[in-house]
Amino acid sequence: MRITCPICGERDRREFYYVGDAVLLERPDPEAGEAAWDDYLHNRDNPAGDTRDLWSHEGGCGAWVVVTRNTVTHEVLATELASDVAADLREARP
Amino acid sequence: MAELIAKTPCAGLLPLEGGAVAVTEVVPEAMTLMAPFNGREAAFSDALKDAHGMATPAPKRATGREGARAVWFGRGQVMLIGARAQTALAGHAAQTDQSDAWAAVRIAGDDAEAVLARLVPMDLRQRVFKRGHTARTLLGHMTTSITRVGDDAFMILVFRSMAETLVHELQTAMKGVAGRRGA
Ligand SMILES: [Zn+2]
């Protein structure tokens, strides 16, 4: 498996460490309430299909990368810098 | 009183020669990790140019030359290798003296690429990895910084505690490559 780091380019999977669902970037407001926080901390989808994960390029530049991949075909569909995704999320906030 | 003797990271391990490859230790006078503060990247680059005569390297690049290099070292980080960081840089970047933290070696020769191909999971051939190119990647299980410093030469950095493992890995790969060449 190869993952394209937005900074370093296409690299071997062994340079990356899997961190978890990219929903981690969507942290609720501290006052969002128990239900929102419970969901954020504990509930994850388990799709047979496209999913978005956070990976760390720890054996490379150190960037956090959002990887969109397919759990059935193992195809890697897209990679983005997590810092860019987080900035977009901040901007989209009301 | 105890007499303290400074030992280099690869003391007793290098130099090493085999096949068409030679590995020697590099002992820079200083190594300083620079992390430019947010919004001060341009000012830092100007200060680096004034103080050390080289611009901040773009990602995956190194600037400067033998004796004083600025090597891109990952996101938002530059390692100044050789020259002692001048105080003029102080306001622009967080700095850490890492002079004793890294083992630095130079691998050179016709088969240097072939040796590294056995150890590093990325393409280091000259047509894609040219002089002045650098990468953070793996060498065996170790995180490393690799910079092409000549047509047939690379500078490799690993944590100082990994010096013996680095030399062992290189030696094993060198034997393998030399064996394939029938040397
Ligand atoms: Zn990277």
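Residues numbered from 1 in each chain as written. Chains lettered and ligands numbered in written order. Predicted model: local features only at pLDDT ≥ 70, side-chain atom pairs only at ≥ 80, totals over all residues. Heavy atoms only, no water.

Asker: Residue-level account of the overall build of chain A, with values.
Answerer: When helices and strands are tallied, chain A shows 2 helices and 6 strands. Starting at the N terminus and ending at the C terminus, chain A contains elements arranged as β-β-β-α-β-β-β-α. On the principal axes, the C-alpha backbone points of chain A span a range of 40 × 30 × 20 Å. Restricting to contacts in chain A with at least 6 residues of sequence separation, those with at least 24 account for 46%. Per element, the accessible surface of chain A, about 5800 Å² overall, is 47% carbon and sulfur. Chain A carries 10 positive and 19 negative side-chain charges, and their two centres are separated by 7 Å. (Helix = DSSP H or I, 4+ residues; strand = E, 2+ residues; numbered from the N terminus. Contact = heavy atoms within 4.5 Å. Areas by Shrake-Rupley, 256 points an atom, 1.4 Å probe, with all protein chains shown as cover. Lys, Arg positive; Asp, Glu negative; His and termini not counted. Charge placed at Lys NZ, Arg CZ, Asp CG, Glu CD.)

Asker: Please provide a residue-by-residue account of the sheet that holds strand β5 (residues 64-70) of chain A, values included.
Answerer: All names here are of chain A. Strands sit in the order β3-β4-β5-β6 across an open sheet of 4 strands; the sheet is antiparallel. The two strands at the open ends of the sheet, each matched to only one other strand, are β3 (17-21) and β6 (76-81). Ignoring which end each strand starts from, the neighbouring axes of this sheet average 30° apart. Bridge count between strand β4 (residues 50-56) and β5: 7 bridges; the pairing is antiparallel. Its bridge partner being in β5, Asp50 is matched across the sheet by Asn70. Relative to β6, helix α2 (residues 82-92) is tilted by about 75°, and along the sheet it contacts β4, β5 and β6. (Pairing = 2+ DSSP bridges. Axes fitted to C-alpha atoms, helices over the stretch in contact; angles between N-to-C directions.)

Asker: Can you explain the confidence of the model for chain B? Please cite residues and give values.
Answerer: Averaged over every residue, the pLDDT of chain B is 95; residues scoring 70 or more account for 99%. For this predicted complex, the interface score ipTM comes out at 0.88, alongside a pTM of 0.93. (pLDDT = per-residue confidence, 0-100.)

Asker: Break down the environment of Trp72 of chain B for me, citing the residues and quoting the values.
Answerer: Mapped onto the elements of the fold, Trp72 of chain B is located in strand β5 (residues 68-72). The spacing of Trp72 of chain B and Met34 of chain B is 38 residues in sequence and 9.6 Å in space, taken between C-alpha atoms. Discounting residues that sit within four places of it in the chain, Trp72 of chain B has contacts with Ile7, Cys8 and Cys61 of chain A together with Pro57, Ala58, Pro59, Lys60, Arg61, Gln77, Thr134 and Arg136 of chain B. Here the side chain of Trp72 of chain B touches Gly74 of chain B through a polar contact of 3.1 Å, landing on its backbone oxygen. (Polar contact = N/O pair within 3.5 Å; in protein donor to acceptor, adjacent residues only side chain to side chain.)

Asker: Before we move on, could you go through the nonpolar core and cite the residues and values that matter?
Answerer: All names here are of chain B. Counting 30 residues, the largest nonpolar core has Val23, Ile107, Leu116, Ile156 and Leu170 as the members making the most contacts within it. The element best represented in this core is helix α3 (residues 163-180), accounting for 7 residues. Aside from chain neighbours lying at most four places away, what touches Val23 is Leu14, Pro15, Leu16, Val105, Arg106, Ile107, Leu170 and Met174. Listed in part, the 14 residues of the second largest apolar core include Val71, Phe73, Ile81 and Ala153. (Core = buried A, V, L, I, M, F, W, Y, C linked by side-chain atoms within 4.5 Å. Buried < 20%, exposed > 50% of the residue type's maximum accessible area, 1.4 Å probe, protein only.)

Asker: Please give an account of the coordination of the zinc ion that cites residues and values.
Answerer: Residue and element names in this part refer to chain A. Looking at the metal site, the zinc ion is ligated by Cys5 (SG), Cys8 (SG), His57 (ND1) and Cys61 (SG), spaced 2.0 to 2.5 Å from it. Every donor counted, the 4 donor atoms about the zinc ion form angles of 101 to 119° at the centre, which fits tetrahedral coordination. Sequence positions of the donors to the zinc ion reduce to the motif C-x2-C-x48-H-x3-C. With Cys5 in strand β1 (residues 2-5) and His57 in the loop between β4 and β5, this pair connects stretches of sequence that are 52 residues apart. Taken individually, Cys5 and His57 each receive the classification buried, so the pair is uniform in this respect. (Donors = N, O, S within 2.8 Å, 3.2 Å for Na, K, Ca; no water. Tetrahedral: all angles 85-135°; square planar, octahedral: opposite > 155°, others 65-115°.)

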